[in-house]
Amino acid sequence: MKSIQFMTRSTLTCFLLTILLLIPGVSQAERIKDLASIQGVRSNQLIGYGLVVGLDGSGDQTTQTPFTVQSIISMLGQLGINLPPGTNLQLRNVAAVMVTATLPAFARPGQLIDVTVSSMGNSKSLRGGTLLMTPLKGVDNQIYAMAQGNVLVGGAGAAAAGSSVQVNHLNAGRISGGATVEREVPSALGQTGYINLELNTTNFTNVKRIVNAINNSYPGAAKAIDGRSIQVSTPTENNQRVMFISQIENLDITPAKDAAKVIVNSRTGSVAMNQAVTLESSAIAHGNLSIIINNEPIISQPGPFAERGETVVAQRAQVEIRSDEGNLILLPSGADLGEVVKALTAIGATTQDLLSILQALKAAGSLRAELEII
């Protein structure tokens, strides 16, 4: 601290500038892999029906879930145990479950994947149970994995002396690495001499920028198909093709701004916007609320002796909100929709009021954004 106190002003300035130069700058560039995916490189959903055994009296009540009994009888028959006809099984340690998993792209036989086990009967808990060998099928009804193992279910925590509260859901659990891949999904990646990049959202500007970025590094390799797809020529040899795709997906581009959008949750009243939303002149009366939006011109002129420059006229919105109770809120010039929503909430506007006002603003052409209600 003493050494800094005795620094001269010029030395301290140089020291601060050095620190600022060492701080990395904020870049808005994003990798192509964050904006697009490769057609054909995708995961697949698997599903199966199985039995969980070894439960501590918390299994299905077999009188109300006959499919559990049928499954047990069928399984025992496959193991060479034939029960006499009409046998009434009263089992409390078995539960019928659905087993789901996601088969990742390029999965090979022998690879382990996680599975989720969910009760489909009236079992109280799957804690401590063991999933018996269950085939997992794809949409083509072919078996792609086999699942088996101990089910891990969350527990419950005490809330106070003499009482407890359930923290986790006890009728569903997971088995980490509980399924073994038995069959791979064929992939034709790049075997045709090209791949297709698919943007996460349709945006013609982003397609153009991605094509330019790829062609700057590999001239003539990319061409746009539509507002979401890009065709990229690839090497034919597998190793070179993988290296090429890796270099392509790590190229940086500056994505275009998405269209202005306002999302309103009709159940919670939450309002979200992806960017500043402009408001045009309008007047709305809703219940005991009235909203007046005026656009006032802002004129900017160059200096009297400026050699270059021109007069610029911009529009800035001024918002006035009144209620019958005498509440008056006058927002400053340039107020955006976020400030309008905040002001309406401050004077007691309900969720339905917000929905009606935003819909009216959109219908009147004052709200320059896409309005989506979820």
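Residues numbered from 1 in each chain as written. Predicted model: local features only at pLDDT ≥ 70, side-chain atom pairs only at ≥ 80, totals over all residues. Heavy atoms only, no water.

1. Some thoughts on the pairing of strand E11 (residues 194-199)
Right, on to step 1. Relative to E11, strand E2 (residues 36-38) runs antiparallel, the two sharing three bridges. What sits directly across from alanine 36, in E11, is leucine 199.
Right, on to step 2. Direction of pairing for E11 relative to strand E13 (residues 229-233): antiparallel, over a ladder of five bridges. If you follow tyrosine 194 over to E13, its bridge partner there is serine 233. (Pairing = 2+ DSSP bridges. Helix = DSSP H or I, 4+ residues; strand = E, 2+ residues; numbered from the N terminus.)

2. Some points on the pattern of salt bridges
Should the charged atoms of two oppositely charged side chains come close, the side chains can pair.
Right, on to step 1. Scanning all chains against the criterion turns up four salt bridges.
Right, on to step 2. Salt-bridge contacts for lysine 33 lead to glutamate 249; the nearest nitrogen and oxygen are separated by 3.8 Å. On the criterion of sequence distance, the pair formed by lysine 33 in helix H3 (residues 32-35) and glutamate 249 in helix H6 (residues 238-249) is long-range, its members being 216 residues apart.
Right, on to step 3. Exposure remark for lysine 33: the relative accessible area of 35% places this residue in the partly exposed category.
Right, on to step 4. Note on glutamate 249: relative accessible area 25%, which makes it partly exposed.
Right, on to step 5. Arginine 174 is the salt-bridge partner of aspartate 114, the closest N and O atoms lying 3.4 Å from each other. Residue aspartate 114 is found in strand E5 (residues 112-119), and its partner arginine 174 is found in strand E10 (residues 172-181); the two are separated by 60 residues along the sequence.
Right, on to step 6. Residue classification places arginine 174 among the partly exposed positions, given a relative accessible area of 43%. (Salt bridge = Lys/Arg side-chain N within 4 Å of Asp/Glu carboxyl O. Buried < 20%, exposed > 50% of the residue type's maximum accessible area, 1.4 Å probe, protein only.)

3. Details of the environment of leucine 279
Right, on to step 1. Checked against the element boundaries, leucine 279 lands in strand E17 (residues 278-279).
Right, on to step 2. Exposure remark for leucine 279: the relative accessible area of 5% places this residue in the buried category.
Right, on to step 3. Along the backbone, leucine 279 and glycine 365 are 86 residues apart, and their C-alpha atoms lie at a distance of 8.8 Å.

4. Topic: the sheet that holds strand E4 (residues 95-103)
Right, on to step 1. Strands sit in the order E3-E4-E5-E10-E7-E6 around a closed barrel of six strands; the barrel is antiparallel. Neighbour to neighbour, the strand axes of the sheet diverge by 30° on average, direction disregarded.
Right, on to step 2. Helix H4 (residues 66-78) contacts strand E3 (44-53), E4 and strand E6 (130-137) of the sheet and is inclined by roughly 85° relative to E3. (Axes fitted to C-alpha atoms, helices over the stretch in contact; angles between N-to-C directions. Contact = heavy atoms within 4.5 Å.)

5. Section: the packing of aromatic side chains
Right, on to step 1. Tallied over the full model, the rule gives one aromatic pair.
Right, on to step 2. Both rings, one in tyrosine 218 and one in phenylalanine 244, keep their centres 4.9 Å apart while their planes meet at 70°; by these two values the pair is edge-to-face. Separated by 26 residues along the polypeptide, tyrosine 218 in the loop between helix H5 (204-217) and strand E12 (222-224) and phenylalanine 244 in helix H6 bring together distant segments of the chain.
Right, on to step 3. Directly above the aromatic system of tyrosine 144 lies the positively charged group of arginine 183, at a separation of 5.6 Å from the ring centroid. (Phe/Tyr/Trp six-rings, centres within 6.5 Å; stacked < 30°, edge-to-face > 60°. Lys NZ or Arg CZ within 6 Å of the ring centre and 35° of its normal.)

6. Notes on the confidence of the model for the chain
Right, on to step 1. Looking at the chain, pLDDT values average 76 and 71% of them are 70 or higher.
Right, on to step 2. Long-range and interchain partners of residues 1-27, a stretch whose pLDDT sits below 50, account for one contact in this model, where long-range means more than four residues apart.
Right, on to step 3. Confidence drops under pLDDT 50 across residues 157-163; counting only partners more than four residues distant or on other chains, this segment forms seven contacts. (pLDDT = per-residue confidence, 0-100.)

7. Here we look at unusual backbone geometry
Right, on to step 1. Its identity is not glycine, yet phenylalanine 106 carries a phi of approximately 65°, on the positive side.
Right, on to step 2. With respect to the secondary-structure elements, phenylalanine 106 resides in the loop between E4 and E5.
Right, on to step 3. Of note in the backbone geometry, asparagine 141 takes a positive phi value of approximately 65° without being a glycine.
Right, on to step 4. Along the chain, asparagine 141 falls in the loop between E6 and strand E7 (143-150).

8. What to know about the side chain of serine 71
Right, on to step 1. Tracing the backbone through its elements, the reader meets serine 71 in helix H4.
Right, on to step 2. The exposure class assigned to serine 71 is buried, which follows from its relative accessible area of 16%.
Right, on to step 3. In terms of polar contacts, serine 71 uses its side chain to reach the side chain of tyrosine 49, at 2.6 Å.
Right, on to step 4. When neighbours within four sequence positions are excluded, serine 71 is seen to be in contact with Tyr49 and Leu51. (Polar contact = N/O pair within 3.5 Å; in protein donor to acceptor, adjacent residues only side chain to side chain.)

9. So, H6
Right, on to step 1. With twelve residues, H6 ought to run about 16 Å at 1.5 Å a step, and its terminal C-alpha atoms sit 17 Å apart, in line with that.
Right, on to step 2. Arg241, Phe244, Ile245 and Ile248 are the residues of H6 that are buried. Within H6, the buried residues cover an arc of 100° as seen down the axis, which keeps them to one side.
Right, on to step 3. Looking at the buried positions of H6, the neighbouring elements they touch are H3, E2, E11, H5 and E13.
Right, on to step 4. You can read the cap of H6 off the contacts: a side-chain oxygen lies 3.0 Å from the backbone nitrogen of asparagine 239, and it is on glutamate 237. (Expected span 1.5 Å × (residues − 1). Arc of directions from axis to C-beta.)

10. So, the sheet that holds E12
Right, on to step 1. Across the sheet, which stays open at both edges, the four strands sit in the order E2-E11-E13-E12 with antiparallel pairing between neighbours. For this open sheet the edge positions go to E2 and E12, each flanked by a neighbour on one side alone. Direction aside, neighbouring strands of the sheet carry axes that sit 25° apart on average.
Right, on to step 2. Most of the contacts of H5 go to E12, to which it runs at about 165°, and overall it touches E11, E12 and E13.

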